[in-house]
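Below are the chains, spelled out letter by letter.
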Amino acid sequence: MQQKENKVDKKNISDPWFKLKQFTSARIGLGRSGVGIPTKNYLDFQMAHAKAKDAVLTEINFQNIRKWLKNNKLQFIELESSCQNRESYLTRPDFGRMLSKISNERLKSKTKIHKNNKISISLVVVDGLSSIAIENNILPLFENLLPELRKKYLIPPVNLVKNGRVAIGDEISYLQKTDICIVFIGERPGLSSPDSLGIYLTYKPKIGTTDERRNCISNIRIGGLSYPLAVKKILYLLEESLRKKISGVNLKDNIKLTLN
């Protein structure tokens, strides 16, 4: 066994790409076999491509999220965009930015007028381009984030949205009459990260809000930005947005994140 470990170490030391490979999951220094890449690397690429396709095409399952919200005494409402299915979602991005008529009416009927002066926040969980990003990451993130939000802010029913884009949060927040909208969405899968979660924060959004008015936190996942550090960024941007009454390009993310 010792001899085998020594051989591996020598091979790694002789590989000029070895040190760089420790800092990235990108496919660098693969080598070659004839005019192509080695078989193992080719098969790894094919598997990563298949996982990325699955992330895009698989429909979201909110079962575990519903159960967690109920156990934590949080109300929720399930909504859909104007897309009828994943094919429509991929070919008509504009439909993914709008609630269906049924969902629009359902949300209106569930919205209550706030009788206190607490800041209110719409939380919008959207499958986006990676359903597994939501299924893998939203609950660990919520476990860190929601206790902090519930200390200070009013949280209307959490919105669970199928076949949605980022901008669908604008309509939801406008109908819920909230001060801030935070959208949690599955990001476009890469060939090394099919389950990356993104977050978009917008101050007082309305239908037609453009993307420069949003602040984005991306790559939240195991192997990416950790949940505790993501929560620190969210709380920082939230407090700064409310203090300055802005969001987007004019709201600078100056927080210095450390592991401590």
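Residues numbered from 1 in each chain as written. Predicted model: local features only at pLDDT ≥ 70, side-chain atom pairs only at ≥ 80, totals over all residues. Heavy atoms only, no water.

Notes on the side chain of Ser173
Stated formally: Think of it this way: any DSSP run of H or I at least four residues long counts as a helix, any run of E at least two long counts as a strand, and we number them from the N terminus. For the exposure calls, accessible area comes from a 1.4 Å probe over protein chains only, and a residue counts as buried if that area is under 20% of its type's maximum, exposed if over 50%, partly exposed in between. Every residue pair with non-hydrogen atoms within 4.5 Å of one another is taken to be in contact.
Mapping Ser173 onto the fold places it in helix α8 (residues 168-176). Assessed through its relative accessible area of 0%, Ser173 is described here as buried. In this structure, Ser173 is in contact with Ser122, Thr178, Ile180, Cys181 and Pro205, ignoring residues within four places of it in sequence.

Remarks on the packing of helix α7 (residues 131-152) against helix α9 (residues 227-244)
Put simply, the test is: An axis is simply a line fitted to the C-alpha atoms; with a helix, the fit covers only the stretch in contact. Between two such axes, the angle follows the N-to-C directions and lies from 0 to 180 degrees. Note on terminology: angles under 35 degrees are roughly parallel, angles over 145 are roughly antiparallel, angles of 65 to 115 are roughly perpendicular, and the others are oblique. Crossings are sorted by hand: turned counterclockwise from the far helix by less than a right angle, the near helix makes the crossing left-handed, and turned clockwise it makes it right-handed. Under this grouping Gly is polar, as are all residues other than the nonpolar Ala, Val, Leu, Ile, Met, Phe, Trp, Tyr, Cys and Pro and the charged Asp, Glu, Lys and Arg.
The interhelical angle for the contact between α7 and α9, taken along N-to-C directions, is 40°, at an axis separation of 10 Å. On the basis of the axis angle, α7 is oblique to α9. Handedness of the crossing formed by α7 with α9: right-handed. Judged by residue contacts, Asn136, Asn137, Pro140, Leu141, Asn144, Leu145, Glu148, Leu149 and Lys152 of α7 engage Tyr227, Pro228, Ala230, Val231, Ile234, Leu235, Leu238 and Glu239 from α9. Tallied by class, the residues present in the contact of α7 with α9 amount to 11 nonpolar, three polar and three charged.

A short note on the nonpolar core
The condition that has to hold: By convention a nonpolar core is built from buried Ala, Val, Leu, Ile, Met, Phe, Trp, Tyr and Cys residues, the set being connected through side-chain atoms within 4.5 Å.
Counting residues in each nonpolar core, the largest one holds 42 residues, and the members touching the most others are Ile121, Leu123, Val125, Phe142, Leu149, Ile182 and Phe184. Every residue in contact with Leu149, bar those within four places of it in the chain, is listed here: Ile121, Leu123, Ile155, Leu235 and Leu238. Counting residues in hydrophobic clusters, the runner-up holds 14 residues, among them Ile77, Leu79, Leu99 and Ile172.

Description of the environment of Leu197
Among the secondary structure elements, Leu197 is positioned in strand β5 (residues 197-203). In sequence terms Leu197 and Val158 are 39 residues apart; their C-alpha atoms lie 17 Å from each other. Among residues more than four places away in sequence, those in contact with Leu197 are Ala133, Ile134, Asn137, Leu141, Phe184, Ile185, Gly186, Glu187, Ile217, Ser218, Asn219 and Ile220.

Examining α7
Test applied: Residue count minus one, scaled by 1.5 Å, sets the expected span of a helix. Axes are fitted to the seven residues ending at a residue and to the seven starting at it; the angle between these axes is taken as the bend at that residue.
With 22 residues, α7 should cover 32 Å at 1.5 Å per step; its first-to-last C-alpha distance of 30 Å lies within 8% of that length. At Asn137, α7 is deflected by roughly 40°, the largest bend along its length, and proline Pro140 occurs up to four residues later in sequence. Along α7, the positions that sit buried rather than exposed are Ser131, Ala133, Ile134, Asn137, Ile138, Leu139, Leu141, Phe142, Leu145, Leu146 and Leu149.

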